[in-house]
Amino acid sequence: MLISNTRNYTIKQETLVILFMAVPFFVSNQILKMTNIDAVLAIWRYIDLLIIVALYMHKKKYPPLFFNILLLTFSITIVSAIINQNSIYAAVMKIIAIFTLVLIVEYYYEKNSLNCLNALLIGFELFIYINFIAILLYPNGLNNGEHEKIWLLDNYAAQLKWFLPAICVSFDYSIKTKKKRRLQCLLLIIILSAILSKSATLTATLSLLFFLWNFVKNDKSKISVKMGIVASFAFLIAIVVFRLQNYFSFLIEKILHRSLSFTGRTDIWNSALYMFSNKPILGYGYWVYPLVPNWSVDLYTSLNGVAVASHAHCQFLHFLIQGGVCFLACFVGINLWLSNQLSKNGNNIISRFSSLIIFLILIAGFVETMYDSPLVFIPYVIAYNSIVRRGKINNFL
């Protein structure tokens, strides 16, 4: 009995440690604007990095090569920032955030996956449930905005940066514990949040998730990360570059109830494509703001009196203006490798489901930028471990 109590205490203690380390990565930009705790979170993340590096050194372990390559891929933005003297500090901070969270999740997931998943799930539940309450109390957004409604987890489709990783974590936890209650509650709150947010991208992505879920459960899923990459390229070329959306007017206007300009995104794409044409190899660096001269400066952020967009509203296009062809090529390469390994492990439900979540992250990236949040890399850790634990690839990877 004493041994059992001691073990339970140790499990709870470790869960709290993981949760404490992960908390700063759940905080959204909106919360930062409301509280002005940027410096506190930066210090918190630095402490996290020192702790997790010390743990790896104490165990005489090294992060898997896969995550080192992933880190190097996103570090291209630092090179671009240095070359262009553009937001070097912001680029470094973003890489530190990604690297630190990936190391935390990878270390504790390998040590005790249930403890790790439970801690992450508590964090997601806390922020998603509070965000849902904010949506109920402030249907017009905390900013009472007519053009853009913002809640605790940012605006409209940006909430997918929390929702999709949370679903992946909760699903993995439910499979390992054979308990579905927390997953069901989380899905209910996410669905209600999507309905109340009235975001076409958010609703379409979640609808696609539930449509494909049955195929994943029944071992009939052919959905892969590679399909997400191919679809993203197809959208980039067909819609963003050549503007063939008229051929899909029924889907866009009748089904999604959106204009053929994708709610003004075509103006942003024009500006971003022009920026890419000027620096196609390594891009501009981390913070890049496509200028949109015909937008009202009263409704949007302005730069030298000209309205700008905070990002390119297309993930692949945003990669191109951040780090050029080099960045996008490396990102595609590491994802194709992961897709190939996951496809060899198709009999594993976690591999299939994490593939689906990463696929949906890429699909949401058609009109949003998803990879500016460290949270979207959690499904990558889960996917990688689903492969390693089945012995499909060498341990050093």
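Above: the structure in question.
The structure contained in this document is the topic of the report that follows. (Residues numbered from 1 in each chain as written. Predicted model: local features only at pLDDT ≥ 70, side-chain atom pairs only at ≥ 80, totals over all residues. Heavy atoms only, no water.)

1. A look at helix α5 (residues 88–111)
When the terminal C-alpha atoms of α5 are compared, their 35 Å separation across 24 residues agrees well with the 34 Å that a helix rising 1.5 Å per residue should span. Most of α5 is tucked away, with 18 of its 24 residues classed as buried. (Helix = DSSP H or I, 4+ residues; strand = E, 2+ residues; numbered from the N terminus. Expected span 1.5 Å × (residues − 1). Buried < 20%, exposed > 50% of the residue type's maximum accessible area, 1.4 Å probe, protein only.)

2. Some details on the nonpolar core
By size, the foremost hydrophobic cluster in this structure holds 123 residues, and its most contacted members are Phe74, Ile128 and Tyr371. The biggest single contributor to this core is α5, with 14 residues. Residues within four places of tyrosine 371 in sequence aside, it is in contact with Phe74, Gln315, Phe319, Phe331, Ile358, Ile361, Leu362, Val376, Phe377 and Tyr380. (Core = buried A, V, L, I, M, F, W, Y, C linked by side-chain atoms within 4.5 Å. Contact = heavy atoms within 4.5 Å.)

3. Remarks on the packing of aromatic side chains
The full count for this structure, using the stated rule, is 30 aromatic pairs. Here tyrosine 107 and tyrosine 108 contribute two aromatic rings whose centre-to-centre distance is 5.1 Å and whose plane-to-plane angle is 85°, an arrangement assigned as edge-to-face. Among the residues examined, tyrosine 107 registers a relative accessible area of 4% and is labelled buried. Aromatic ring contacts, followed pair by pair, group Phe74, Phe233, Phe316, Phe319, Phe327, Phe331, Tyr371, Phe377 and Tyr380 into a single cluster. (Phe/Tyr/Trp six-rings, centres within 6.5 Å; stacked < 30°, edge-to-face > 60°.)

4. Concerning a nonpolar patch on the surface
A surface patch of nonpolar side chains, about 490 Å² in accessible area, is lined by Ile133, Leu136, Leu137, Tyr138 and Leu196. In terms of residue count, helix α6 (residues 113–137) provides more of the nonpolar patch than any other element does, three residues in total. Among the secondary structure elements, leucine 137 is positioned in helix α6. (Patch = residues over 30% accessible without salt bridge, like charges linked within 9 Å, V, L, I, M, F, W, Y side chains within 5 Å. Areas by Shrake-Rupley, 256 points an atom, 1.4 Å probe, with all protein chains shown as cover. Salt bridge = Lys/Arg side-chain N within 4 Å of Asp/Glu carboxyl O.)

5. Comments concerning the environment of glycine 283
Note on placement: glycine 283 falls in the loop between α12 (265–278) and β3 (302–303). For the pair formed by glycine 283 and asparagine 84, sequence separation is 199 residues and the distance between their alpha carbons is 8.6 Å. When near neighbours in sequence (up to four residues on either side) are disregarded, glycine 283 contacts Ser80, Asn84, Leu320, Ile321, Gln322, Gly323 and Gly324.

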